[in-house]
Amino acid sequence: MRPQLLVIEDDPDSLELLLMLLETCGFAATGANQTAVARDTLSRIAFDAVLADFMVDSRDPVISWTMIDDLVRIAKPSPVGLLTGWPIKAEQIAAHQLAFAIPKPCSSELLLAQLSEVLDVPALSAAEEKVLRDYFACLAAGNYDAVVALCTEDVAYHLPSADPRIGHTVHGRDALRELSRKTFAVFRSPVFEIESIRALPRGAVVRYTGTWTDESGASQSLPGAVLFVLAGLQIAEIGVRVNLTPS
């Protein structure tokens, strides 16, 4: 059974984006745009976790904390975490019995990793982890036929970026093969050092450090993270650093 999440967010665009992300990654997500709606929903449905904005219905932090405390009380024993632009101190997380507090804006992989930790999502099987490691190994080797063979026919790849060399959204094996060729003609001799693989209900978040040779011949290195959605032992979606807060 998919983990059941209640998402409380009064901004309609942010709520829609969060629900789409969570559903794609295998969570069953229900939205509430008001605290009263959230309280009513919690009184009728048992959720595995609650994800809430801090200031919903009020911009007064005293009132907001009262509402959060009420949600924590009603949701128990399910954990309640915050995703908020309001600064939250570590001691406040403990004092209000919160599972976590993530500042906005945040990347999708950070949120999903936190949720998987709180919900104790089962680890990937050895075969599933091998698919993800093979993906990076085949990219590093320049074997793009092998890369797309790891994916579903309708695989989706998306990486938002202002840099036209890397910012792309493509669908299908042929498009992914061609994009890989073009990308690593610019980012040459890539090496991916995988640092962690955290399971999600339908895939994983993989953190890594990437090293490559740029067009001038200089070596470059940057940390990265990729969100993978799996369909059995094939990759159905590849997403990189999706911003949860609309600009």
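Residues numbered from 1 in each chain as written. Predicted model: local features only at pLDDT ≥ 70, side-chain atom pairs only at ≥ 80, totals over all residues. Heavy atoms only, no water.

Caption draft 1: Local environment of the packing of helix α1 (residues 12-24) against helix α5 (residues 108-119). Where α1 meets α5, the closest approach of the two axes is 12 Å, and the angle between their N-to-C directions is 60°. Between α1 and α5, the interaxial angle falls into the category oblique. In the crossing of α1 with α5, the sense of the turn from one axis to the other is right-handed. Of the residues in α5, those touching α1 at L18, L21 and L22 are S108, L111, L112 and L115. Residue composition of the contact of α1 with α5, grouped by class: six nonpolar, one polar and no charged. (Axes fitted to C-alpha atoms, helices over the stretch in contact; angles between N-to-C directions. Helix = DSSP H or I, 4+ residues; strand = E, 2+ residues; numbered from the N terminus. Parallel < 35°, antiparallel > 145°, perpendicular 65-115°, else oblique. Left-handed = near helix turned anticlockwise from the far one by under 90°. Contact = heavy atoms within 4.5 Å. Nonpolar A, V, L, I, M, F, W, Y, C, P; charged D, E, K, R; others polar.)

Caption draft 2: Region of interest: the nonpolar core. Among the nonpolar cores identified, the biggest contains 56 residues, and L112, Y135, F228, I235 and I238 are the most heavily contacted of them. If you tally residues by element for this core, the top one is helix α6 (residues 126-141), at six residues. Not counting the four nearest positions on each side in its chain, I235 is found in contact with V131, L132, Y135, L150, C151, T152, V155, F228, V229 and L230. Core analysis: the next-biggest nonpolar cluster, separate from the first, contains 21 residues, A32, F54, A75 and I88 among them. (Core = buried A, V, L, I, M, F, W, Y, C linked by side-chain atoms within 4.5 Å. Buried < 20%, exposed > 50% of the residue type's maximum accessible area, 1.4 Å probe, protein only.)

Caption draft 3: Representation of the pairing of strand β3 (residues 49-52) in the model. With burial as the criterion, each face of β3 is covered, one bearing A49 and L51 and the other bearing V50 and A52. Direction of pairing for strand β1 (residues 4-8) relative to β3: parallel, over a ladder of four bridges. Residue L6 lies in a different strand from β3, and its bridge partner there is V50. Taken together, the three bridges between β3 and strand β4 (residues 80-84) define a ladder with parallel strand orientation. Bridging from a neighbouring strand, L51 pairs with G81 of β4. With helix α3 (residues 61-75) bridging β3 and its parallel neighbour β4, the resulting β-α-β unit is right-handed. (Pairing = 2+ DSSP bridges. Right-handed = clockwise from strand over helix to strand, strands pointing away.)

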